[in-house]
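This is what each chain is made of:
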There are 2 protein chains.
Amino acid sequence: MPKIGDKLRELRRRRDLSGRELALRSGISHAAISLIERDHMSPSIDTLTAILDALGTTLTGFFMDLPSRLPYTPFYGASELVEIGKPQAISYRMIGMNHPNRQLLMLHETYTEGADTGLAFTHTAQEAGMVTRGAIELTVGSECRVLHSGDGYYFDSRLPHRFRNVAPGKSEILSAITPPTY
Amino acid sequence: MPKIGDKLRELRRRRDLSGRELALRSGISHAAISLIERDHMSPSIDTLTAILDALGTTLTGFFMDLPSRLPYTPFYGASELVEIGKPQAISYRMIGMNHPNRQLLMLHETYTEGADTGLAFTHTAQEAGMVTRGAIELTVGSECRVLHSGDGYYFDSRLPHRFRNVAPGKSEILSAITPPTY
DNA sequence: AGGGCTTGTTTAGTATTTTTAACACTCCTA
DNA sequence: TAGGAGTGTTAAAAATACTAAACAAGCCCT
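In this convention, every chain numbers its residues from 1, walking through the sequence in written order. Chain letters start at A and ligand numbers start at 1, both assigned in the order the entries are written. Side-chain atom pairs in this predicted model are given and counted only at pLDDT of 80 or more, local residue features only at pLDDT of at least 70, and totals for whole chains, interfaces and linings cover all residues. Values reported for side chains reflect all heavy atoms of the structure, with hydrogen atoms and water molecules removed beforehand.

1. Comments concerning the overall build of chain A
Secondary structure elements are taken from DSSP: a helix is a run of H or I of four residues or more, a strand is a run of E of two residues or more, and numbering for both begins at the N terminus. Helix and strand counts for chain A come out as 5 helices and 10 strands. Burial statistics for chain A: of 182 residues in total, 54% are counted as buried. Here a residue-residue contact requires only that any non-hydrogen atoms of the pair lie within 4.5 Å. In chain A, the proportion of contacts linking residues at least 24 apart, taken out of those at least 6 apart, comes to 61%. We get accessible surface area from the Shrake-Rupley algorithm with a probe of 1.4 Å; when it comes to residues, only the shown protein chains can shield them. When the accessible surface of chain A is summed, it comes to about 8000 Å², and 53% of that surface belongs to carbon and sulfur atoms. Using a 1.4 Å probe on the protein chains alone, a residue whose accessible area is under 20% of its type maximum counts as buried, one over 50% counts as exposed, and one in between counts as partly exposed.

2. Observations regarding the confidence of the model for chain A
Scored between 0 and 100, pLDDT is the confidence that the predictor attaches to each residue. Residues at a pLDDT of 70 or more form 87% of chain A, whose mean pLDDT is 82. Note on residues 65-71 of chain A: pLDDT under 50 across the span, and 14 contacts to partners over four residues away in sequence or across chains.

3. Focus on the packing of helix α2 (residues 19-26) of chain B against helix α4 (residues 45-54) of chain B
Residue and element names in this part refer to chain B. Fitted lines through C-alpha atoms give the axes, limited to the stretch in contact for helices. The angle between two N-to-C directions lies from 0 to 180 degrees. Where α2 meets α4, the closest approach of the two axes is 8 Å, and the angle between their N-to-C directions is 110°. When the axis of α2 is compared with that of α4, the two are roughly perpendicular. Together, L22, R25 and S26 of α2 and A50, I51 and A54 of α4 make up the contact between the two elements. When residues are grouped by polarity, Ala, Val, Leu, Ile, Met, Phe, Trp, Tyr, Cys and Pro land in nonpolar, Asp, Glu, Lys and Arg in charged, and all others, Gly among them, in polar. Counted by class, the contact of α2 with α4 contains 4 nonpolar, 1 polar and 1 charged residues. For this classification, under 35 degrees means roughly parallel, over 145 means roughly antiparallel, 65 to 115 means roughly perpendicular, and everything else is oblique.

4. Structural notes on unusual backbone geometry
The backbone of A:D16 shows a phi angle near 60°, a positive value even though the residue is not glycine. Tracing the backbone shows A:D16 in the loop between α1 (5-14) and α2 (19-26). We note that B:D39 has phi near 55°; this positive angle belongs to a residue other than glycine. Inspection of the secondary structure puts B:D39 in the loop between α3 (30-37) and α4. Overall, B:D39 belongs to the partly exposed group, its relative accessible area being 36%.

5. Structural notes on the sheet that holds strand β1 (residues 75-76) of chain A
The strand order across the open sheet built from 7 strands is β1(A)-β8(B)-β5(B)-β10(B)-β4(B)-β3(B)-β2(B), with neighbouring strands paired in antiparallel fashion. A strand with exactly one partner marks an edge of an open sheet, and here the two such strands are β1 of chain A together with β2 (82-83) of chain B. Any two strands with at least two DSSP-identified bridges between them are counted as paired.

6. Side note on the protein's contact with DNA strand C
Close to DNA strand C lie 24 residues, the nearest being A:G19, A:R20, A:S34, A:R38 and B:S29. Near, as used in this document, describes a residue that has one of its heavy atoms within 4 Å of the molecule or strand being considered. Looking at DNA strand C alone, sugar and phosphate atoms form 59% of those within 4 Å of the protein. The term polar contact refers here to a pair of N or O atoms within 3.5 Å; inside protein, the definition further demands a hydrogen-donor-capable atom paired with an acceptor-capable atom, and it admits residues adjacent in sequence only when both atoms are side-chain atoms. Between A:R9 and DNA strand C, the recorded distance is 2.9 Å, taken from a side-chain N or O atom to a phosphate oxygen. Here A:R12 contributes a side-chain N or O atom positioned 3.0 Å from a phosphate oxygen of DNA strand C.

7. Section: the protein's contact with DNA strand D
In the region of DNA strand D, 23 residues are neighbours, and A:S29, A:T47, B:S18, B:R20 and B:R38 sit closest. Sugar and phosphate atoms constitute 60% of the interface atoms of DNA strand D, taking the interface as everything within 4 Å of the protein. Within the backbone of B:G19, one N or O atom sits 2.9 Å away from a phosphate oxygen of DNA strand D. Between DNA strand D and B:S34 there is a distance of 2.8 Å, counted from a phosphate oxygen to a side-chain nitrogen or oxygen.

8. Remarks on the sheet that holds strand β10 (residues 171-178) of chain A
In spatial order, the strands read β2(A)-β3(A)-β4(A)-β10(A)-β5(A)-β8(A)-β1(B); together these 7 strands make up an open sheet with antiparallel pairing. Of all strands in the sheet, those bounded by a partner on one side alone are β2 (82-83) of chain A together with β1 (75-76) of chain B. Pairing between strand β3 (residues 90-95) of chain A and strand β4 (residues 105-111) of chain A: 6 bridges, direction antiparallel. Bridge pairing links A:R93 to A:H108 in β4(A).

Printed below as a string of structure tokens:
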């Protein structure tokens, strides 16, 4: 009943993949992919999962559809990023402040030497990021690790988490949170 | 792969429906429902849609709050980021690949000299990011601007957009997209 | 023009889902 | 105690998803 074919094909094309390439990555035959994309058959959850997986997507993301938007300016110069933290300790500079219907919160975080968020909980949200400078000790639940420039993270904000700057000087993170619970 | 059985049974029980009653309302046999609920078979999108329909739910709603009961590691070392692009031109390295129910897609993008995405459209999504190295010419709708290290952006992916590396060498972006339908 | 690559489609056969029908069990009630 | 009406599970056929192989069309060579 749901016509997922067009959406799937569009997704694949956007990634610049041929049917055969996607078949190879997903483990599904290219014939099946062709049939699914033209709505000639309704894939099982398992096969659709495999396909979306190879496209870097999830069932949730795939089936989600959002309402409309307004015109605005998409650019945010480094100096225009709005500060929503405490620059003396931890600076949170926000990207996308003026967006009419924000659904994710993107932050440029700067930690001064020794800065520490302490243990934090949030409602149900998800958080991802990458260290771009220095070294950050990240604790999530019972796990702990030091992340250096280029290392990333992704966790459920429901778990208690804590960021601590362990570099001799400033550290920086670029992070994203959804939904934007700020 | 995804074990949707428990969630389905829980949903049905919460509505105080028997397997046969749900079968009647959905048009699916009660045997099939039993098998699906015990993860003995992977339903097609059509049949799952019919079942969820009878339960007053949608595919989106169903997959959105699928419990993430799987243990996972929130850390992603720089070398573990999964490549979903084409390193010769534009590399998209994904943070959060193993997350059980991803709701945002975070990417570390590396553009080789002169790399160009060409004009791209998406359905309804939102995208934010910051240039961390080099210089990127970003076009969104009718607007165009060159972003340097430290500059950010936030736009609606429904608008036609294009990234082009205009630096003499590699450029890098750290970006986030939600929902993860890139 | 003709090979050799790619692309997406079709067809026939295999595997899996889905149905139909029977089985086993509990809880009522006569 | 026996029977009916409810529940969920299993075992057969039937229908459908899926695969493997062949087909057709386009593009780039020389």
